[in-house]
Amino acid sequence: MPQIQLTPAERREHRANAHHLDPVVLIGGDGLTPAVQKEVDAALAAHGLIKVRVFNDDRAAREAMYQQLAHDLGAAPIQHIGKLLVLWRPVAPKQKAADEDRKPGPRDVKVLKFGRPGQRPEVKQLRVLGNQRLTSGGQVKRAKPKKKSVKKGQAD
């Protein structure tokens with residue numbers, strides 16, 4: 001996967017957003033192993049913008065790791081400063097599974113009970129569940145299932 005190309009303004013914005021982040025992946029003395037690449041890929045998928053700390057004193061080796069990570073994982077190189085590498089990749093939107101059998105959930109309803117004239121109405125907060133309904137008098141009752149006609153059920 002080729003690395004993502006960003007404009008300088010986009011890169012500057014991502015650099016500013018990464019300022020307060022802590023490194024989520026640490027690359028040790030073994031260098032860039034497949035396990036490390038897998039962890040960086042998982043962190044990019046979860047967070048989008050990450051910092052990686054490299055425990056290596058060779059700047060050229062760090063720069064090579066930085067470019068290789070960006071190229072292999074399809075990420076944008078944001079910043080390489082000292083032993084910190086900042087990478088960004090857009091996070092894929094999560095797909096929610098549609099559940100057709102799902103019933104409506106509970107909802108909170110305010111009920112006003114009027115007393116004598118000149119007095120303030122009493123405000124009650126009620127929780128109405130999915131299988132309940134609110135009557136005109138402010139009572140909560142269980143909703144009755146809709147009955148089918150006996151005549152419509154018979155087919156000739």
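Residues numbered from 1 in each chain as written. Predicted model: local features only at pLDDT ≥ 70, side-chain atom pairs only at ≥ 80, totals over all residues. Heavy atoms only, no water.

(A) A look at the UniProt feature "domain: CRM" (unreviewed entry) in the protein chain. Residues annotated by UniProt as "domain: CRM" (unreviewed entry) correspond here to residues 4-100. Helix makes up 41% of residues 4-100 and strand 21%, and the two end C-alpha atoms of the span are 39 Å apart. (UniProt positions renumbered as here; feature names shortened; annotations may be inferred. Helix = DSSP H or I, 4+ residues; strand = E, 2+ residues; numbered from the N terminus.)

(B) Geometry of the packing of helix H2 (residues 34-47) against helix H3 (residues 59-73). Two elements in contact, H2 and H3, have axes separated by 11 Å at closest approach and are oriented at 60°. Crossing angle aside, the handedness with which H2 passes H3 is right-handed. In this structure, H2 contributes Gln-37, Val-40, Asp-41 and Leu-44 to the contact, and H3 contributes Gln-68, Leu-69, Asp-72 and Leu-73. Residues that form the contact of H2 with H3 fall into these classes: 4 nonpolar, 2 polar and 2 charged. (Axes fitted to C-alpha atoms, helices over the stretch in contact; angles between N-to-C directions. Left-handed = near helix turned anticlockwise from the far one by under 90°. Contact = heavy atoms within 4.5 Å. Nonpolar A, V, L, I, M, F, W, Y, C, P; charged D, E, K, R; others polar.)

(C) Highlighting the sheet that holds strand E2 (residues 49-54). The 4 strands are arranged E1-E2-E4-E3 in an open sheet whose pairing can be described as mixed. Sheet topology places strand E1 (25-27) and strand E3 (76-81) at the edges, where each strand pairs with a single neighbour. Averaged over all neighbouring strand pairs, the angle between strand axes comes to 25°, with direction disregarded. Pairing between E2 and strand E4 (residues 84-88): 5 bridges, direction antiparallel. (Pairing = 2+ DSSP bridges.)

(D) Examining the side chain of His-80 more closely. Among the structural elements, His-80 can be located in strand E3. What makes His-80 buried here is its relative accessible area of 14%. Of note is the side chain of His-80, whose polar atom sits 2.8 Å from the side chain of Glu-63. At a separation of 3.3 Å, a polar atom in the side chain of His-80 contacts the main-chain carbonyl oxygen of Gly-82. The contact partners of His-80, leaving out residues within four places of it in the chain, are Arg-59, Arg-62, Glu-63, Tyr-66 and Leu-85. (Buried < 20%, exposed > 50% of the residue type's maximum accessible area, 1.4 Å probe, protein only. Polar contact = N/O pair within 3.5 Å; in protein donor to acceptor, adjacent residues only side chain to side chain.)

(E) Focus on H2. Taking 1.5 Å of rise per residue, the 14 residues of H2 would be expected to cover 20 Å, and the 20 Å separating its terminal C-alpha atoms lies within 8% of that figure. Residues Val-36, Val-40, Ala-43 and Leu-44 constitute the buried set of H2. Looking straight down H2, one finds that the buried residues subtend no more than 100° of arc, so they occupy a single side. For H2, the exposed residues lying more than 90 degrees away from the buried face are Pro-34, Lys-38 and Ala-46. In this structure, the buried side of H2 is in contact with E1, E2, H3 and E4. (Expected span 1.5 Å × (residues − 1). Arc of directions from axis to C-beta.)

(F) Molecular detail of a positive patch on the surface. A cluster of basic residues, Arg-133, Lys-141, Lys-144 and Lys-147, forms a positive patch on the protein surface. Looking at the secondary structure, you find Arg-133 in strand E7 (residues 132-134). (Patch = residues over 30% accessible without salt bridge, like charges linked within 9 Å, V, L, I, M, F, W, Y side chains within 5 Å. Areas by Shrake-Rupley, 256 points an atom, 1.4 Å probe, with all protein chains shown as cover. Salt bridge = Lys/Arg side-chain N within 4 Å of Asp/Glu carboxyl O. Lys, Arg positive; Asp, Glu negative; His and termini not counted. Charge placed at Lys NZ, Arg CZ, Asp CG, Glu CD.)

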